[in-house]
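Commentary on secondary and tertiary structure
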Amino acid sequence: MLRRWYQLMVDNADDLATLVTWENGKPLADAKGEVMYAASFFEWFSEEAPRIYGDTIPSSVPGNRIITLREPVGVCGLITPWNFPAAMITRKIGPALAAGCTVVAKSPGETPFTANALAELAHRAGIPKGVVNIVTADKNVAEVGEILTTHPDIRKVSFTGSTNVGKLLMKQASSTVKKVSWELGGNAPFIVFDDTKDIDAAVAGAIASKFRSSGQTCVCANRIYVQKNIYDEFVAKFTEKVKGFKLGPGFEDGITHGPVIHSRAIDKVEQHVRDAESKGARVTVGGKRATELGDNFYHPTVLAYMTKDMQLASEETFGPVAGLFPFETEEEVIKLANKAEVGLAGYFFSSDVKRCFRVAEALEVGMVGINTGLISDVASPFGGVKQSGFGREGSKYGIEEFIVTKSVTFGGI
Ligand code: NAD
């Protein structure tokens, strides 16, 4: 059934992408990319389901034999954000169903329609009623959230969203000691060392990481650290690329970047830009709202000569603003990178293989990209450390979040 659901998503990818663009605003080509990525979780976990193996374990007690049963955790409450209206949901439902669980998914208030369309396709795939349940909520979200995190029939909560809401929900879920996994906010460092042989590739990687979905992904580069020797060249090349972007509504031809989700998001972007400027950063492109396009548009912005006292250095911007920080040594940049309270993704460009191992091990994050700005892949474990949360999605680890291991001891053999 999961495999059929996957195929239905592929067959209806254009319609689903239209919905994603309509309610989220991202360019249609990006929305199509999201839908295919979202569908891949159903395909992957339909193939992972037959591999939920248990163990046979030699016992220390003579005459005893031990085996393990791997059972579905039970009904799962799922809460996801609007930045990937399809993929955030399938990344949870895929493994939950593959493990044998049923789900109650609260769709994001900003983007509820994609979730409803996915549920319709689940129905067409033959998934029985009551297995996949979608709950919408808007102003009453706290009330719905409280039920999902405290109801005794719900055994597991999987949440993706901001660290602040995550903390609140974690407290609530503790009242009935639920199994939980939390995918929270990030503030990814993106480091470019001067041993990098291909600066153009590093620029392209940083652009892809920073400006995907107009900077509204949890793994977006937020702090771009560039070593002093190559700093000016990097800033110039990076700025040129951003000047080539075409900002506008996601349905228009040739649009490379869409709006941000709502006016609160624009306010935060504006605040980070003004704060940096007032402390000495230089805007090399953008730096203002694009009111001619609508309330939620902000010109993709590059800030050069950033310093660690600026707000953007310690807070996730979640918008189309790239802050470029100069640094001198590897030791210094690792300290700066790890200063964040969160630790989701981290990236770096280097052509020195020893440094690649050293830095990958030193970064306090759940995911590292080396010489690439794009790391999302159904096959790769996705998740964070520190205040970015715990638990992994995708990959062979993703299904573990929805399974409990029961040991069975046979005596007198
Ligand atoms: P948010 O925390 O405000 O909302 C996330 C979800 O929680 C939404 O569905 C929202 O309706 C719901 N919610 C809000 N208050 C709630 C409550 N009291 N009870 C129950 N549900 C509640 O986050 P956002 O601003 O919409 O999303 C962006 C954040 O999500 C960023 O911080 C981003 O980094 C993070 N994010 C993390 C990942 C990841 O995998 N780690 C992926 C995408 C986004």
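Described below are features of the structure shown in this document. Note that this is a predicted model, so its numbers are computed, not measured.

To continue, consider unusual backbone geometry. Even without being glycine, N371 reaches a positive phi, approximately 60°. Locating N371 in the fold gives a position in the loop between β15 (367-370) and β16 (385-386). Backbone geometry places K386, a non-glycine residue, at a positive phi of 50°. Counting through the fold element by element, K386 comes out in strand β16.

To continue, consider the environment of P128. Turning to its location among the elements, P128 is positioned in the loop between α5 (112-124) and β5 (132-135). With relative accessibility at 43%, the residue P128 sits in the partly exposed group. Separated by 108 residues in the primary sequence, P128 and V20 have C-alpha atoms spaced 25 Å apart.

So, about the site of the ligand. Taken together, 28 residues form the shell around the ligand, and within it T80, W82, S162, L184 and E316 come nearest. With respect to the ligand, the side chain of K106 contributes an N or O atom lying 3.1 Å from an oxygen atom. Relative to its unbound accessible area of 850 Å², the ligand is 87% covered by the protein chains. Cavity membership is defined here by more than half of the atoms lying within 2 Å of grid points; on that basis the ligand lies in the largest pocket. When grouped by side-chain class, the residues that make up the shell around the ligand number 16 nonpolar, 8 polar and 4 charged.

About the thresholds
Residues numbered from 1 in each chain as written. Predicted model: local features only at pLDDT ≥ 70, side-chain atom pairs only at ≥ 80, totals over all residues. Heavy atoms only, no water. Helix = DSSP H or I, 4+ residues; strand = E, 2+ residues; numbered from the N terminus. Buried < 20%, exposed > 50% of the residue type's maximum accessible area, 1.4 Å probe, protein only. Near = heavy atom within 4 Å. Polar contact = N/O pair within 3.5 Å; in protein donor to acceptor, adjacent residues only side chain to side chain. Areas by Shrake-Rupley, 256 points an atom, 1.4 Å probe, with all protein chains shown as cover. 1 Å grid on protein atoms, 1.4 Å probe; cavity = no way out; pocket = protein on both sides within 12 Å on 5 of 7 lines; lining within 4 Å. Sits in = over half its atoms within 2 Å of the grid points. Nonpolar A, V, L, I, M, F, W, Y, C, P; charged D, E, K, R; others polar.

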